[in-house]
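# Understanding the architecture of this molecule
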Amino acid sequence: MGKSSVMREMPKAHRYLMQDIFLAYLAMGIYLTLIGSALPSIKAEYHISYQVGGWMMSAQQIGYLAMGIGVSLAARRLGAKCTYLVFGALAFVGLAIMMVSGNPVLLIFAMLLTGICKGSTANIGNQITSMVSNNDSSLLNLAQAFFAVGACAAPLIMMVCGTSWRMAFGITIAIGIISLLHGVRTQIGPDAFCVQEPTGKTDWGFLKQGIFWICSVLLLCYLAFEASVIGWLVTFFIDSGAADAQTAQLLATALWGALLIGRFASAWFATRFSPQHMICVMTIGTAVCFSVMMCSHSLVPMAIGTFGIGLFMAGMYGTTLGGSDNLIGRYPMCMGMFIVIPGVGAAVTQSVIGVIADQIGIRGGMYVLYVLIALMLLSTVLFVAHGRKKS
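Residues numbered from 1 in each chain as written. Predicted model: local features only at pLDDT ≥ 70, side-chain atom pairs only at ≥ 80, totals over all residues. Heavy atoms only, no water.

### Topic: the confidence of the model for the chain
Applicable threshold: Each residue carries a pLDDT score, the predictor's confidence in it, ranging from 0 to 100. Only DSSP runs of H or I covering at least 4 residues are called helices, and only runs of E covering at least 2 are called strands; the numbering of each starts at the N terminus. Note on contacts: a residue pair is in contact if any heavy atoms of the two residues lie within 4.5 Å.
Confidence in the prediction for the chain averages 82 pLDDT; 91% of positions are at 70 or higher. Helix α1 (residues 3-8) is the least confidently modelled element of the chain, averaging 57 in pLDDT, while helix α5 (residues 90-100) averages 93, the highest of any element. Overall, residues 191-199 carries pLDDT values under 50, and its contacts beyond four positions in sequence, including any with other chains, amount to 25 contacts.

Here it is, written out as structure tokens:
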């Protein structure tokens with residue numbers, strides 16, 4: 001069943017809810033990518049090191065993974081809608097803090113807030129999308145595509161604002177306010193977001209299933225890889241001498257243009273091919289394109305590799321969730337763990353890159369990502385084997 005028919009068959013309240021999820025993902029794509037695009041300017045103006053930059057990105061991932069379980073607990077006490085709106089506003093509070101203070105502690109705290117917002121939006125958004133669409137991979141990938149639209153727009157906003165990264169942040173805060181005002185009218189209840197088990201007890205049965213751990217490692221590798229590439233890409237091109245600041249922003253836009261194309265394509269392919277076939281192609285393609293980017297020192301092959309990375313890794317998240325044997329729908333805590341486990345990997349990876357970059361340069365730091373590539377390839381073999389055994 002295609003994504004359009006899935007949306008048409010939903011009740012009106014659920015369609016509005018999905019539209020709000022798409023808008024929230026759009027805003028999330030803008031602010032997450034904008035931080036990476038603005039990082040060289042923030043780093044220069046506030047005189048922070050690679051290591052502090054790595055800590056900032058790790059703080060974002062810590063906030064993200066904390067919401068893996070925290071959002072369900074908050075939803076039980078505050079209600080799902082209140083949780084969705086309150087935590088969804090924290091990213092824009094974080095951007096405001098970064099606009100007014102260069103204190104490293106406050107910068108790290110601000111990034112923590114953006115991570116909390118990201119984790120809340122991703123957790124609730126993925127659960128809503130999965131449950132109202134019966135775990136439809138095409139709709140999960142479509143939600144990720146809206147994230148890519150926002151991420152694609154972020155470097156363009158940065159370029160339009162020129163040297164004023166604060167103006168870019170201000171525009172993003174305005175977009176966030178619009179998203180939150182739209183969310184006020186949503187109807188989020190137990191039929192759309194399960195905040196507790198029917199029995200009142202948490203069922204951890206998914207921990208005994210092999211596919212959960214396979215998908216967790218896949219998501220860990222993907223999230224850590226994507227977050228590192230997004231966070232350090234502009235800095236990587238500028239500090240490696242391959243591009244100036246404006247060209248680096250264009251390359252970041254090209255990356256997200258590729259992600260946008262890839263996510264819409266993944267939503268289409270998901271209706272025609274199994275998740276196992278898709279993950280296999282995505283993983284191999286990402287590994288090859290990353291090698292092209294890292295082994296080149298001139299702009300053209302590095303740009304080609306960057307575009308290829310975006311194209312191949314675009315549908316990894318939604319396709320992995322779609323191939324998880326509907327664990328999200330059967331176990332409400334499962335989505336939280338799919339956030340916590342990958343979040344730990346992403347937080348550690350970005351800090352490690354920052355520490356190594358201070359010693360031997362940003363290119364040396366980025367070589368850490370080959371460890372993730374190796375784990376991703378191994379997990380893909382297990383993912384495909386599970387799919388064949390199941391069929």
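### Here we look at the side chain of T121
Looking at where T121 falls in the secondary structure, it is placed in helix α6 (residues 104-132). With near-sequence residues (within four places) excluded, T121 lies in contact with A24, Y25, M28, G88 and N126.

### Some remarks on the nonpolar core
Note the following rule: Buried residues of nine kinds, namely Ala, Val, Leu, Ile, Met, Phe, Trp, Tyr and Cys, make up a nonpolar core once their side-chain atoms join them within 4.5 Å. Residue exposure (1.4 Å probe, protein chains only): buried if accessible area is under 20% of the type maximum, exposed if over 50%, otherwise partly exposed.
If you look at the biggest cluster of nonpolar residues, it comprises 125 residues, and the most contacted ones within it are M98, F169, F225, F237, W256, F338 and M366. It is helix α9 (residues 210-239) that contributes the most residues to this core, 18 residues altogether. When residues no more than four places from it in sequence are discounted, the contact partners of F169 are L34, I35, A38, I42, L95, M98 and M99.

### Remarks on the packing of aromatic side chains
Selection criterion: Two rings belonging to Phe, Tyr or Trp (six-membered ring only in the last case) form a pair when the distance between their centres is within 6.5 Å. Interplanar angles under 30 degrees mark stacking, angles over 60 mark edge-to-face geometry, and anything in between is tilted.
Counted under the stated rule, the structure contains 13 aromatic pairs. An angle of 80° between the planes, with centres 5.5 Å apart, marks the rings of Y31 and F92 as edge-to-face. Of this pair, Y31 sits in helix α2 (residues 12-46) while F92 sits in helix α5; the two residues are 61 residues apart in sequence, bridging distant segments of the chain. Judged by relative accessible area, which is 9%, F92 ranks as buried. Ring geometry for F269 against F273: centres 5.8 Å apart, planes inclined by 50°, an arrangement best described as tilted. Ring pairs connect the aromatic residues F225, F290, Y367 and Y370, which therefore count as one cluster.

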